[in-house]
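Chains, contacts and geometry: an overview
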Amino acid sequence: MTAHQPIARPVFPAETLERMAALYPLQAGLLHHHLPDHPLLSLEALAQLGESLPASEVEYNPGNVPIGIRPEDIPSNGLSIGETIRTIDSNGSWAVLKNIENVGAYRTLLMDLLGELEPVVTPRTGGMLTPQGFVFISSPGSITPFHFDPEHNILLQLRGTKVMNVWPAGDERFADRREHERYHAGGHRNLPWQDAYRDAAQQVPLGPGDAVLMPVMAPHFVANGDAPSISLSITWRSEWSYRESEAHAANAALRRVGLDPAMPPRWPSYAWFRSMGWRVARKLKLVS
């Protein structure tokens, strides 16, 4: 595995940190980065990384899937992860390598990048918990289906172009509270799609040197451009994001006994009693 290469200058310029301070944690928006070509992020290094990761940390499939495809309907591309990455220019696929922080050199890179963001993040949402990194490798024209994620996230575009289509987090017009409950009770991240959603999308075009700030649980899908794409996603959790997750899980338990709980409040408020009740219930093994 290629060793970590020190980065000579800050990856996130001052104007990007100022822009992030205006957006974080609730709004999506375009940022910029100076992450140079890095040996850890070449196609061959990523193919070797994919081959070294456990199967649970690798996901890949054909890239020409519908925006709203159900997880159980996603087909295999018939290749190994190494073959998928090495031939990404022509095989019509999409792949993600998950939890790259479990590999020493990649963890060092991730922590270097998150360290630059800490002065913006910590005063707003507290300590940066559970740092994780993900790499997305996509063929021309591929689609990442409509979904949401529980982390605070900045996605850095390294090669190729794509358009991030984002909808407001916490808006039940695009992700009903029951979808949040389903996910936080152990369900898949993909969401039901309706073509009527398109007009409400915030579109963020990305090329090399661009990045996008993604709020916790903001519904989105990604459309790749006409060239192969490599993107690095650097993520973290906050105490607030964990409390929101727990509130949704608690709501799922309440719904199972016939209640119809309201959507938990977003930042800076949170469903403190519901979150703490969920923690107590789990500790006492009253819920799974």
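See the structure above.
Residues numbered from 1 in each chain as written. Predicted model: local features only at pLDDT ≥ 70, side-chain atom pairs only at ≥ 80, totals over all residues. Heavy atoms only, no water.

Now for the overall build of the chain. Regarding its fold elements, the chain presents seven helices and 11 strands. In terms of overall dimensions, the chain has C-alpha extents of about 50 × 40 × 40 Å along its principal axes. When the 288 residues of the chain are sorted by exposure, 54% land in the buried category. Intrachain contacts of the chain at a sequence separation of at least 6 include 84% that bridge at least 24 residues. For the chain, the exposed surface amounts to about 12600 Å²; the carbon and sulfur share of it is 54%. In the chain, 25 positive and 30 negative side-chain charges are present, and the distance between their average locations comes to 8 Å. (Helix = DSSP H or I, 4+ residues; strand = E, 2+ residues; numbered from the N terminus. Buried < 20%, exposed > 50% of the residue type's maximum accessible area, 1.4 Å probe, protein only. Contact = heavy atoms within 4.5 Å. Areas by Shrake-Rupley, 256 points an atom, 1.4 Å probe, with all protein chains shown as cover. Lys, Arg positive; Asp, Glu negative; His and termini not counted. Charge placed at Lys NZ, Arg CZ, Asp CG, Glu CD.)

Okay, the sheet that holds strand β8 (residues 202-206) next. Taken in spatial order, the four strands of this open sheet run β5-β10-β7-β8, and their pairing is antiparallel. Strand pairing shows two members of the sheet lacking a second neighbour, β5 (143-147) and β8, which therefore form its edges. With direction set aside, neighbouring strand axes in the sheet form an average angle of 15°. (Pairing = 2+ DSSP bridges. Axes fitted to C-alpha atoms, helices over the stretch in contact; angles between N-to-C directions.)

Our next topic: the pattern of salt bridges. A complete count under the given rule lists 17 salt bridges for this structure. Note that Arg-178 and Asp-260 form a salt bridge whose closest N and O atoms lie 3.6 Å from each other. Of the two residues, Arg-178 is situated in helix α5 (residues 177-184) and Asp-260 in the loop between α6 (239-256) and α7 (272-283); the sequence distance between them amounts to 82 residues. Each of the salt bridges in this network shares a partner with another, and the network as a whole consists of Glu-172, Asp-176, Arg-177, Arg-178, Glu-181, Arg-255 and Asp-260. (Salt bridge = Lys/Arg side-chain N within 4 Å of Asp/Glu carboxyl O.)

Now for the sheet that holds strand β3 (residues 93-97). Taking strand neighbours across the sheet as the criterion, the seven strands line up as β1-β9-β6-β11-β4-β3-β2 in an open arrangement whose pairing is antiparallel. Sheet topology places β1 (29-32) and β2 (58-62) at the edges, where each strand pairs with a single neighbour. Adjacent strand axes in the sheet meet at a mean angle of 20°, parallel and antiparallel pairs treated alike. Pairing of β3 with strand β4 (residues 129-138) involves four bridges; the strand directions are antiparallel. Residue pairing in the sheet places Ala-95 in a bridge with Ile-137 of β4. Packed onto the sheet, helix α1 (residues 14-23) meets β1, β6 (152-159), β9 (210-214) and β11 (229-237) and runs at close to 160° relative to β1.

So, about the pairing of β5. With five of five residues buried, β5 lies mostly within the body of the structure. Of the pairings in the sheet, the one linking β5 to strand β10 (residues 220-224) comprises three bridges and is antiparallel in character. Its bridge partner being in β10, Thr-144 is matched across the sheet by Val-222.

Let us look at the environment of Ala-247. Relative to the helices and strands, Ala-247 resides in helix α6. What makes Ala-247 buried here is its relative accessible area of 1%. Residues Ala-247 and Pro-265 lie 18 residues apart in sequence; the distance between their C-alpha atoms is 9.3 Å.

Of all the eight residues making up α5, six are buried; the element is thus mostly covered by neighbouring parts of the structure. If you check which residues of α5 are buried, you get Arg-177, Glu-179, His-180, Glu-181, Tyr-183 and His-184. Packing partners of the buried residues in α5 comprise α6. Between a side-chain oxygen at the N-terminus of α5 and the backbone nitrogen of Arg-178 the separation is 2.8 Å; the capping residue is Asp-176. Looking one or two residues beyond α5, the residue adopting positive phi is Gly-186, at roughly 115°. (Polar contact = N/O pair within 3.5 Å; in protein donor to acceptor, adjacent residues only side chain to side chain.)

Further remarks concern a nonpolar patch on the surface. There is a patch of nonpolar side chains on the surface, built from Leu-254, Val-257 and Leu-259 and spanning about 270 Å² of accessible area. Mapped onto the fold, Val-257 is located in the loop between α6 and α7. (Patch = residues over 30% accessible without salt bridge, like charges linked within 9 Å, V, L, I, M, F, W, Y side chains within 5 Å.)

Turning our attention to the nonpolar core. Grouped together as the largest cluster of nonpolar side chains are 44 residues, with contacts concentrated most on Met-20, Leu-46, Leu-97, Leu-117, Ile-154 and Ile-234. Looking at which element gives the most residues to this core, the answer is helix α4 (residues 104-125), with nine residues. Dropping the residues within four chain positions of it, Leu-97 is found in contact with Leu-46, Leu-49, Gly-50, Leu-53, Glu-57, Val-58, Ile-81, Ile-85, Gly-133, Phe-134, Val-135 and Ile-137. (Core = buried A, V, L, I, M, F, W, Y, C linked by side-chain atoms within 4.5 Å.)

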